[in-house]
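# Remarks on the overall topology
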Amino acid sequence: MALKLTGVGLSPFVRKVRVILAEKGLEYEHDGMLPFGVSDEYKQKHPMGKVPLLEDGERIIPDSSAIANYLEALAPQPSLYPTDAYDRARAIWLEEFADTGLVNGTATVFQERVLGPLFFKREADQAKITEALDQTLPPFFDYLEKQIGDADWMVGDTFSIADVALGTQFANFAIADAEVDAKGWPKLAAYVARVHARPSFKKLMEEDRGAKAAAAG
Ligand SMILES: N[C@@H](CCC(=O)N[C@@H](CS)C(=O)NCC(=O)O)C(=O)O
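Source: prediction; values computed, not measured. (Residues numbered from 1 in each chain as written. Predicted model: local features only at pLDDT ≥ 70, side-chain atom pairs only at ≥ 80, totals over all residues. Heavy atoms only, no water.)

### What about the packing of helix α6 (residues 161–175) against helix α8 (residues 199–216)?
Two numbers describe how α6 lies on α8: the axes approach to 11 Å, and their chain directions differ by 30 degrees. Viewed along their axes, α6 and α8 adopt a mutual orientation that is roughly parallel. Of the two elements, α6 crosses α8, and the hand of that crossing is right-handed. Here D163, V164, G167, T168, A171, A174 and I175 of α6 come into contact with α8, specifically with F201, M205, D208, R209 and K212. Residues of the contact of α6 with α8, tallied by class, amount to 6 nonpolar, 2 polar and 4 charged. (Axes fitted to C-alpha atoms, helices over the stretch in contact; angles between N-to-C directions. Helix = DSSP H or I, 4+ residues; strand = E, 2+ residues; numbered from the N terminus. Parallel < 35°, antiparallel > 145°, perpendicular 65-115°, else oblique. Left-handed = near helix turned anticlockwise from the far one by under 90°. Contact = heavy atoms within 4.5 Å. Nonpolar A, V, L, I, M, F, W, Y, C, P; charged D, E, K, R; others polar.)

### Topic: the side chain of S11
Relative to the assigned elements, S11 resides in the loop between β1 (3–6) and α1 (12–23). Within the local environment of S11, its side chain forms a polar contact with the backbone nitrogen of F13, the two atoms lying 3.1 Å apart. (Polar contact = N/O pair within 3.5 Å; in protein donor to acceptor, adjacent residues only side chain to side chain.)

### Points about the site of the ligand
In the neighbourhood of the ligand, the contacting residues comprise S11, P12, F13, P35, K50, V51, P52, D63 and S64. With respect to the ligand, the side chain of D63 contributes an N or O atom lying 3.2 Å from a nitrogen atom. (Near = heavy atom within 4 Å.)

### Structural notes on the packing of aromatic side chains
Counted according to the given criterion, the structure contains 10 aromatic pairs. On the basis of an interplanar angle of 85 degrees and a centroid distance of 5.1 Å, the ring pair of F97 and F140 is categorised as edge-to-face. You can see F97 sitting in helix α4 (residues 85–119) and its partner F140 sitting in helix α5 (residues 126–148), a full 43 residues away along the chain. Given a relative accessible area of 7%, F97 falls into the buried group. Of the residues examined, F140 reaches a relative accessible area of 22% and is grouped as partly exposed. Centre to centre, the rings of F141 and F170 are 5.8 Å apart; their planes meet at 40 degrees, and the pair counts as tilted. Placement of F141 in helix α5 and of F170 in helix α6 is noted, with a sequence separation of 29 residues between them. Residue classification places F141 among the buried residues on the basis of a relative accessible area of 4%. Classification of F170 as buried rests on a relative accessible area of 2%. (Phe/Tyr/Trp six-rings, centres within 6.5 Å; stacked < 30°, edge-to-face > 60°. Buried < 20%, exposed > 50% of the residue type's maximum accessible area, 1.4 Å probe, protein only.)

### Observations concerning the domain arrangement of the protein
Segmenting the protein into domains produces domain 1 (3–74) and domain 2 (85–216). Each partner contributes residues to the interface: domain 1 has 15 residues there, and domain 2 has 22 residues. Both faces considered, domain 1 and domain 2 share a buried interface measuring about 1600 Å² in area, 63% of it formed by carbon and sulfur atoms. For the pair domain 1 and domain 2, the interface holds 5 salt bridges. Of the charged contacts in the structure, one is a salt bridge between E23 and R198, with a shortest N-O distance of 2.9 Å. Linking domain 1 with domain 2 are 12 residue pairs in polar contact (both at pLDDT 80 or more). Per-element tally for the side of domain 1 that touches domain 2: the top contributor is α1, with 9 residues. Taken together, the residues of the side of domain 1 that touches domain 2 sort by class into 8 nonpolar, 3 polar and 4 charged. (Domains from an automatic or database assignment. Buried area = accessible area lost by both parts, 1.4 Å probe. Salt bridge = Lys/Arg side-chain N within 4 Å of Asp/Glu carboxyl O.)

So this is what it looks like as structure tokens:
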């Protein structure tokens with residue numbers, strides 16, 4: 001059955017799903033719908049009116065984490081979920097941390113520097129950017145610097161859902177011309193570069209930078 005993904009590519013949660021689809025080599029149709037003023041028909045499928053939404057024939061799956069689980073069961077290789085109990089719990093925790101914690105800082109910078117000025121034609125709120133960069137994010141970066149330690153990937157020795165979820169929030173941060181300062185967080189900065197060098201991320205981030213440049217005119 002053909003997979004159809006709905007949601008604008010610049011959404012970190014849509015990118016999370018697209019990276020998984022790429023890592024698993026799954027083909028899909030993509031509708032880059034913006035999640036604003038969504039139709040009643042769409043709300044029948046996703047009552048929160050958000051993106052992403054995956055459709056597999058008659059099967060309707062909202063939410064990036066639910067979709068990630070679905071795709072793992074549908075195409076188990078390469079696996080993005082560790083089998084060891086503790087590793088698996090850590091991977092799911094770090095996914096949750098990226099989706100509901102880290103996003104509070106990275107998305108603020110993205111919204112104020114990219115979405116607001118380029119897509120909604122409003123000025124960036126510098127105070128919000130400063131708060132995100134100076135207050136919200138540093139403790140999160142401290143935590144992640146400890147979590148990565150000397151490893152290549154966040155959990156175990158293979159790329160996992162934790163790396164997808166963290167990498168996609170850091171992708172929005174990068175598209176907003178922000179970066180993890182390697183002087184303060186050397187291991188985290190190197191880790192983010194490693195994640196973004198994967199072909200799955202690289203291709204999508206090039207596309208996103210193109211969308212940003214087109215909006216800038
Ligand atoms: N937990 C959700 C978050 C999805 C989400 O917040 N998507 C944003 C785009 S980045 C959205 O649709 N926002 C529109 C809205 O909140 O109405 C997931 O993982 O899918």
